[in-house]
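Remarks on the overall topology
Each chain is listed here by its residues.
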Amino acid sequence: MQRIRSLKLGWRAAKQIHVAPSSSRNYSHGHNSFGLLFDIDGVLVRGRTPIPAAKQCFRNLVDRKGKYKVPVVFVTNAGNCMRQTKAEQLSHLLDVEVSPDQVMLSHSPLRMFTQFHNMCVLVSGQGPIQEVAHNLGFQNVVTVDALREAYPLLDVVDHNRRPKDEVPPSKDLPPIEAVILFGEPIRWETNLQLIIDVLLTNGKPGNPLTTLQYPHIPVLACNMDLLWMAEAKNPRFGHGMFLVSLESLYKKITGCELKYEALIGKPSVVTYNYAELLIRQQAESLGWTEPVERLYAIGDNPMADIYGANLYNRYLQASRHARAQIQAKGSGGGGELQGEIIEDPPEMTSTELGGASGVYGIEERLPESCSSILVCTGVYSRDQQELPTDPRHTVTEQRIFHGHRDFRFDPNLTQPSFVVQDVKEAVELVFQQEGCALA
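Below: a short report on this structure.

1. Focus on the overall build of the protein
On a plain count of helices and strands, the protein comes out with 11 helices and 15 strands. Looking at the 439 residues of the protein, the share that counts as buried comes to 54%. Put simply, 76% of the contacts in the protein that link residues at least 6 apart link residues at least 24 apart. Accessible surface, the protein as shown: approximately 20300 Å² in total, 49% of it carbon and sulfur.

Shown next, in the form of C-alpha cells:
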C-alpha cells in the first residue's frame, strides 16, 4: 500500500507536466478521437535498419508541413538510452520529426516511483544508465562497475579481470537499499554475481553472509522481453532472459523466489497508463478539447505488445465498470445498473497492474478501449503455429509461454484484435476503422 500511495503522488505530479510549446508544431488540427501507440523493434526497425513499410507509413501520418495528423507515442521496452537519443534515432530512420515527448522507454514510469529516489540504488544495464537514473529522479546511484571497483574480490569468473599480485583494499560504499534493472548488461556473469551478492548480504556485499534476510531488498525491473528482433533471421536474447537467469540463480542458492517490487515495461498496465498520459498531452498540444476515446497499439510480440494492450483494455473495462457502479449508487440505484448489465471483468494481479490500481480509477476520464494490432515483421510471423486456447497446453514441444514468471498466461490476452502484414497496413486499417482519410 505504501508503494501505491507514493505512486499516486507521482502520477498527480506528472499530470501537471505540460508538453513543451515546441511539440505543438508537430501536429495539424482535426476532429479525430483516437491515438496510436507504436512499438519500435520489429515494427519500425530491425536493429538499425528501417522496415521499408515504416517510412511510407509515417509519410502518410504527417501532412505536407511534417505535422502529425493524430497523437502518436512510441512505446518501446528498450531502456539503455535517453529519450532524446531515441527520438533523434527515430527522426533519422523515419524521415519525420520525433519529439522526446513522444517517446516512452521501458524505464519511463520509474519517474513516478518517488519513494525510491532518495535511496542508494544499484543500477544494472548498459549505456548511460547512471545518467538515465539521475534523469528519472534517482539521487544516489551506484553502478555495477563502481561496485566491482569498490570490492575487487567479488568478480572472479574472468581470470584476466582478477586482481594480480597484491589484493587491493576494498572501498566503503553506503549500503545498497534497492536494485534497479534497466536492461540486459554486457557482462552477464559480472552483473549476476554482484546482484546476487547484494541481495544475499542485505545490500552490503563486502560483508560475509551469515543469516539470509528474506524478503530481500527491493528489486525493480524494466523490460521483460524474453526475445526481440534485430537484423538476424531469428530472435535475440532480451532482458527477460537475464531476469530468468537471475531468478533461477537466486532460487538455486536460497531456495526462495526472487521478488520484484515492480515489473515495468510492456505488458504491465502501469506502462500503458503512462503511455496514455503522453497521448493525452499530445492531444492537448494538438488543440483537441475532447479526450482521446480509443487507442490502437501496434506491435510484433504477442507476449509483450499484444498481451499488454489487451491487458490494458481489460483494465479500462474494469475502470468503466467501477465508475458505472459508483454512478448507479449515487443515483439511488443501490449499485445495480438500470437497463444495462455489465459483467464483472476478470481480476488482475498486483504484478500485472504494477501499481496502477491506486493511480487511475473512477475519478479519471480514461479511453473507452485499446485495440491490439499484430504485425508480421518481427517476433511473430504468420508461419508460426497459432497459440492454443487452453492454457494447460501452453508448455509443450510446439509452444512455450514466453511471458514473465509473475504474469499469468491467459490465451485470450495473446489474441490480437487484428493481424496485418506490416505497420503501413496497420495504420491504414486504423484510419479505415475510424472512417478517416489517411492520404
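What follows continues from the structure just given.
2. Let's talk about the pairing of strand S9 (residues 219-222)
The two faces of S9 match: Val219 and Ala221 on one face and Leu220 and Cys222 on the other face are all buried. Across three bridges, the pairing between strand S8 (residues 178-181) and S9 is parallel. Paired with Val179 across the two strands is Val219, which belongs to S9.

3. Concerning helix H7 (residues 239-254)
Over its 16 residues, H7 runs 23 Å from end to end, which matches the ideal 22 Å to within 8%, given 1.5 Å per residue. Where H7 is concerned, the buried positions are His239, Gly240, Met241, Phe242, Leu243, Leu246, Glu247, Tyr250 and Thr254. Turning to H7, the residues buried within the fold contact strand S6 (120-124), S8, helix H6 (188-200), S9, strand S10 (227-228) and strand S11 (236-237). Following H7 by one or two positions, Gly255 adopts a phi angle in the positive range, close to 80°.

4. Some remarks on the packing of helix H2 (residues 52-61) against helix H11 (residues 423-434)
The packing of two helices is summarised by the inter-axis angle and the distance between the axes. The geometry of H2 relative to H11 is characterised by a closest axis approach of 7 Å and an angle of 30° between their N-to-C directions. Relative to H11, the element H2 lies roughly parallel. Of H11, the residues touching H2 (which contributes Ala53, Ala54, Gln56, Cys57, Asn60 and Leu61) are Val423, Lys424, Val427 and Phe431. By residue class, the composition of the contact of H2 with H11 is seven nonpolar, two polar and one charged.

5. Remarks on the packing of H6 against H7
As a packed pair, H6 and H7 sit with axes 10 Å apart at the nearest point and diverge in direction by 45°. Classed by the angle they form, the pair H6 and H7 counts as oblique. Every pair of crossing elements has a handedness; the one defined by H6 and H7 is right-handed. Here Trp188, Asn191, Leu192, Ile195, Ile196, Leu199 and Leu200 of H6 lie close against H7, whose contacting residues are Met241, Phe242, Ser245, Leu246, Leu249, Tyr250, Ile253 and Thr254.

6. Quick look at the sheet that holds strand S13 (residues 294-299)
With parallel pairing, the six strands of this open sheet are ordered in space as S5-S4-S1-S13-S14-S15. Edge positions in the sheet fall to strand S5 (103-104) and strand S15 (418-419), since each of these pairs with one other strand and no more. Here S13 runs beside strand S14 (residues 369-374); their pairing, made up of six bridges, is parallel. Paired with Gly299 across the two strands is Leu374, which belongs to S14.

7. Looking at the pairing of S6
Most of S6 is tucked away: five of the five residues are buried. Residues Cys120, Leu122 and Ser124 line one face of S6 and the alternating positions Val121 and Val123 line the opposite face, and both faces are buried. Bridging between S6 and strand S7 (residues 140-143) involves four bridges; their strand directions are parallel. Bridged to Cys120 within S7 is Asn140. Of the crossover connections in this fold, the one passing from S6 over helix H4 (residues 129-136) to the parallel S7 is right-handed. One ladder, built from four bridges, connects S6 with S8; its direction is parallel. Bridging across to S8, Val121 finds its partner in Ala178.

8. Brief notes about unusual backbone geometry
Of note, the bond from Tyr214 into Pro215 is cis; its omega dihedral lies within 30 degrees of zero at 5°. Here Pro215 is to be found in the loop between H6 and S9. The residue after Lys266, namely Pro267, is reached through a cis peptide bond having omega 15°. Along the chain, the position of Pro267 falls in the loop between strand S12 (262-264) and helix H8 (269-286). One non-glycine residue, Asp95, lies in the positive phi region at around 60°.

9. Digging into the nonpolar core
Leu37, Leu110, Leu122, Phe138, Val179 and Phe182 are the most contacted members of the largest nonpolar core, which has 77 residues in total. A total of eight residues in this core trace back to one element, the largest contributor, which is H8. Those residues in contact with Phe138 that sit more than four places away from it in its chain are Leu110, Phe116, His117, Val121, Ala133 and Ile180. Grouped together as the second largest cluster of nonpolar side chains are 38 residues, Leu44, Cys57, Tyr68 and Ala426 included.

Rules of the game
- Residues numbered from 1 in each chain as written.
- Predicted model: local features only at pLDDT ≥ 70, side-chain atom pairs only at ≥ 80, totals over all residues.
- Heavy atoms only, no water.
- Helix = DSSP H or I, 4+ residues; strand = E, 2+ residues; numbered from the N terminus.
- Buried < 20%, exposed > 50% of the residue type's maximum accessible area, 1.4 Å probe, protein only.
- Contact = heavy atoms within 4.5 Å.
- Areas by Shrake-Rupley, 256 points an atom, 1.4 Å probe, with all protein chains shown as cover.
- Pairing = 2+ DSSP bridges.
- Expected span 1.5 Å × (residues − 1).
- Axes fitted to C-alpha atoms, helices over the stretch in contact; angles between N-to-C directions.
- Parallel < 35°, antiparallel > 145°, perpendicular 65-115°, else oblique.
- Nonpolar A, V, L, I, M, F, W, Y, C, P; charged D, E, K, R; others polar.
- Left-handed = near helix turned anticlockwise from the far one by under 90°.
- Right-handed = clockwise from strand over helix to strand, strands pointing away.
- Core = buried A, V, L, I, M, F, W, Y, C linked by side-chain atoms within 4.5 Å.

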